[in-house]
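A look at the structure
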Amino acid sequence: MRFPLLFPAFLAISSRPSSISAFSAPHTHQPAHSSTRLFTSALESLADLTTLSIDSGSIDTVSKYAKTGLITDATTNPLFVSQAGSNGDARYEAMVMEAVAYAKRVTCSQDGCPVPDETLNLAVDRLAVNLGKELVGLVNGRVSTEVDIRLSYDTMGSVERARSIIAMYEEMGVSKDRILIKLAGTWEGIQAARILEKEGIQCNITLVFSFLQAAAAAQAGAYLISPFPGRILDWHKKQTGKEGYPPDSDPGVLAVKRMYSYFRKYNYKTICMPASWRPSRGASVEGSDVDEILALAGVDEMTIPEPLLDSLSSLPPDAVTKQCDAVADGASCTDPDFKLTEESYKKYWGADDCGQEKLKEGIDAFTVETEKLIKILIEKF
Ligand SMILES: *[C@@H]1O[C@H](CO)[C@@H](O)[C@H](O)[C@H]1NC(C)=O
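A brief report on the enclosed structure follows.

The rules behind the values
- Residues numbered from 1 in each chain as written.
- Predicted model: local features only at pLDDT ≥ 70, side-chain atom pairs only at ≥ 80, totals over all residues.
- Heavy atoms only, no water.
- Axes fitted to C-alpha atoms, helices over the stretch in contact; angles between N-to-C directions.
- Helix = DSSP H or I, 4+ residues; strand = E, 2+ residues; numbered from the N terminus.
- Parallel < 35°, antiparallel > 145°, perpendicular 65-115°, else oblique.
- Contact = heavy atoms within 4.5 Å.
- Left-handed = near helix turned anticlockwise from the far one by under 90°.
- Nonpolar A, V, L, I, M, F, W, Y, C, P; charged D, E, K, R; others polar.
- Pairing = 2+ DSSP bridges.
- Salt bridge = Lys/Arg side-chain N within 4 Å of Asp/Glu carboxyl O.
- Buried < 20%, exposed > 50% of the residue type's maximum accessible area, 1.4 Å probe, protein only.
- Disulfide = S-S within 2.5 Å.
- 1 Å grid on protein atoms, 1.4 Å probe; cavity = no way out; pocket = protein on both sides within 12 Å on 5 of 7 lines; lining within 4 Å.
- Points joined across faces, edges and corners; volume = space filled by probe spheres on them.
- Near = heavy atom within 4 Å.
- Polar contact = N/O pair within 3.5 Å; in protein donor to acceptor, adjacent residues only side chain to side chain.
- Areas by Shrake-Rupley, 256 points an atom, 1.4 Å probe, with all protein chains shown as cover.
- Core = buried A, V, L, I, M, F, W, Y, C linked by side-chain atoms within 4.5 Å.

Time to look at the packing of helix H4 (residues 78-86) against helix H6 (residues 116-136). Packing of H4 against H6 leaves a shortest axis separation of 10 Å and a crossing angle of 90°. In terms of orientation, H4 and H6 fall into the roughly perpendicular class. In this structure, H4 uses Phe80, Val81, Ala84 and Gly85 to contact H6, whose residues at the interface are Leu127, Ala128 and Leu131.

Here is the structure:
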């Protein structure tokens, strides 16, 4: 029997553990697994190298992709939660009404709700948890749930909200190891992660646009970071006036590579999971929509929105070649493992124009979504 040239291109649904079993196959000349087959698309060959997750708040979309076995995790964010709050679909409407009823029951008395903000905030969190619980039922991996973005500069405020979110999940029978708490990549958010991780609550540091944020998150013991190569590219394009870059010198791709290399060189366990993708070569170049994804193939994990999952499904499997490798990239890292303090962090941050601008933009956009959601919830009370 001849083994396929694409070896180890056997089907390995959620990458790491199963690709190990595929590896042992050629020695025994036995089929690796009863489900062994050649990849039929770039999406499948990518899923063999990198654990994939979908960025969608739609139960139907997540469910559709979870069934392919190619995506492992899912996420909520203020935009998805706000969309769930306003879209009128009966399933989301039920989640909203439950969240409102719950918040009233817990924080109000017959005479009314003494601290309306507390009631509303609890309703927001409860809605995120209701949506998250639904997603937990659809994927095998983890579901991220965001702490109120308005607490991005408040460490203890974030810690308390995160604990309460986890408590609500556990009350519903969802174990905390199925959940990641999402915190914005501010110094304060990263320090909240440091505290939560010690309590066994794992965190996803989001809105990461700079190496500095990534290094601080790793040093704080964060479980995962989500850098945004696409938005980093946007910033550089605006700065330089360039139309595009070759994917392997795209500044967003290089930034993520630098973070990944640092994690691997110094043995930080933090997972590097980029999200937010743009065409490196510019939107006018055909097929460029997945440039950054292909240039980072092999990174620990990726979050990919539906249209790009579809693009990858229509490309041949050999469009994907491994571009990130723990050993090789770790060896190529030239950054020192400089231990950051609040003082040194804030000093460097003051000089990080891309990080500052993009982080602020991200926090502002999610703040708008959260405020929209609160308006919707007020109407439901
Ligand atoms: C972590 O957060 C990012 C940014 O919102 C998201 O794209 C990603 O899917 C999350 N990761 C997991 C494992 O939920």
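Quick look at the packing of helix H8 (residues 187-198) against helix H15 (residues 342-349) now. One can describe the packing of H8 onto H15 by two numbers: an axis separation of 11 Å at closest approach and a directional angle of 145°. Read as a crossing pair, H8 and H15 show a hand that is right-handed. Residues Trp187, Glu188 and Ile190 of H8 touch H15, and the partners they reach there are Glu342, Tyr345 and Lys346. Of the residues belonging to the contact of H8 with H15, the class tally is three nonpolar, no polar and three charged.

Now for the sheet that holds strand E5 (residues 203-208). The strand order across the open sheet built from six strands is E2-E3-E4-E5-E6-E7, with neighbouring strands paired in parallel fashion. Both edges of this open sheet fall to strand E2 (74-75) and strand E7 (271-272), since each of them pairs with a single strand only. The sheet contacts of helix H9 (residues 211-219) involve E5 and strand E6 (224-227), and relative to E5 the element is tilted by about 170°.

Here we take up the pattern of salt bridges. Within the structure shown, the criterion is met by 23 salt bridges. We note a salt bridge from lysine 64 to glutamate 306, for which the minimum N-O separation is 3.4 Å. Placement of the pair is lysine 64 in helix H3 (residues 59-67) and glutamate 306 in helix H13 (residues 306-313), with a sequence separation of 242 residues. Owing to a relative accessible area of 46%, lysine 64 belongs among the partly exposed residues under this scheme. In this structure, lysine 372 engages glutamate 369 in a salt bridge whose closest nitrogen and oxygen atoms are separated by 3.2 Å. Within this pair, lysine 372 and its partner glutamate 369 are both found in helix H16 (residues 353-380), separated by three residues, close to a single helical turn. On the basis of relative accessibility, which here comes to 44%, the residue lysine 372 falls in the partly exposed class. The class for glutamate 369 is buried, based on a relative accessible area of 13%. Salt bridges linked by common partners bring Asp125, Asp148, Arg150 and Arg161 together as one network.

Bringing the state of the cysteines into the picture now. Summed over all chains, the structure comprises one disulfide. Disulfide partner of cysteine 108: cysteine 113, at an S-S distance of 2.0 Å. Since a negative S-S torsion denotes a left-handed disulfide, the cysteine 108-cysteine 113 link at about 100° is right-handed. Look at cysteine 108 and you get buried, because its relative accessible area is 18%. Owing to a relative accessible area of 29%, cysteine 113 belongs among the partly exposed residues under this scheme. Of the cysteine sulfurs around cysteine 324, a residue in no disulfide, the closest is that of cysteine 272, at 7.7 Å. Judged by relative accessible area, which is 0%, cysteine 324 ranks as buried. Free cysteine: cysteine 333, not disulfide-bonded; nearest cysteine sulfur from cysteine 272 at 12 Å. Exposure remark for cysteine 333: the relative accessible area of 6% places this residue in the buried category.

What follows is about empty space enclosed by the protein. Tallying each qualifying case throughout the model produces two cavities of 30 Å³ or more. The computed volume of the largest cavity comes to approximately 120 Å³. Lining of the largest cavity is provided by 13 residues; of these, Pro78, Val81, Val124, Ala128 and Glu146 occupy positions nearest its centre. Secondary-structure elements contributing two or more residues to the lining of the largest cavity are H4, H6 and H16. Residues belonging to the lining of the largest cavity are distributed by class as follows: seven nonpolar, three polar and three charged. Estimated volume of the second largest cavity: approximately 50 Å³.

Glancing now at the site of the ligand. The ligand sits among 15 residues. The nearest are Ser144, Lys182, Asn204, Ser226 and Thr303. Within the side chain of lysine 182, a nitrogen or oxygen atom sits 2.7 Å from an oxygen atom of the ligand. Considered on its own, the ligand offers 360 Å² of accessible surface; in the complex 97% of this is hidden by protein. Those elements that provide at least two residues to the shell around the ligand are E2, strand E4 (179-184), E5 and E6. In the shell around the ligand, the residues fall into five nonpolar, seven polar and three charged.

To continue, consider the side chain of aspartate 148. Looking at the secondary structure, you find aspartate 148 in the loop between strand E3 (143-146) and helix H7 (155-171). At 2.6 Å, the side chain of aspartate 148 and the side chain of arginine 150 are in polar contact. Other than its neighbours up to four places away in sequence, aspartate 148 contacts Asn121, Arg161 and Thr370.

Moving on, we come to the nonpolar core. Soluble globular proteins: nonpolar side chains tend toward being buried together. With 109 residues, the main nonpolar core has Ile181 and Ile304 as its most contacted residues. Among the elements that make up this core, the one with the highest residue count is H6 (ten residues). Setting aside residues no more than four positions away along its own chain, isoleucine 181 makes contact with Thr145, Val147, Ala162, Ile165, Ile166, Leu196, Ile201, Gln202, Cys203 and Asn204.

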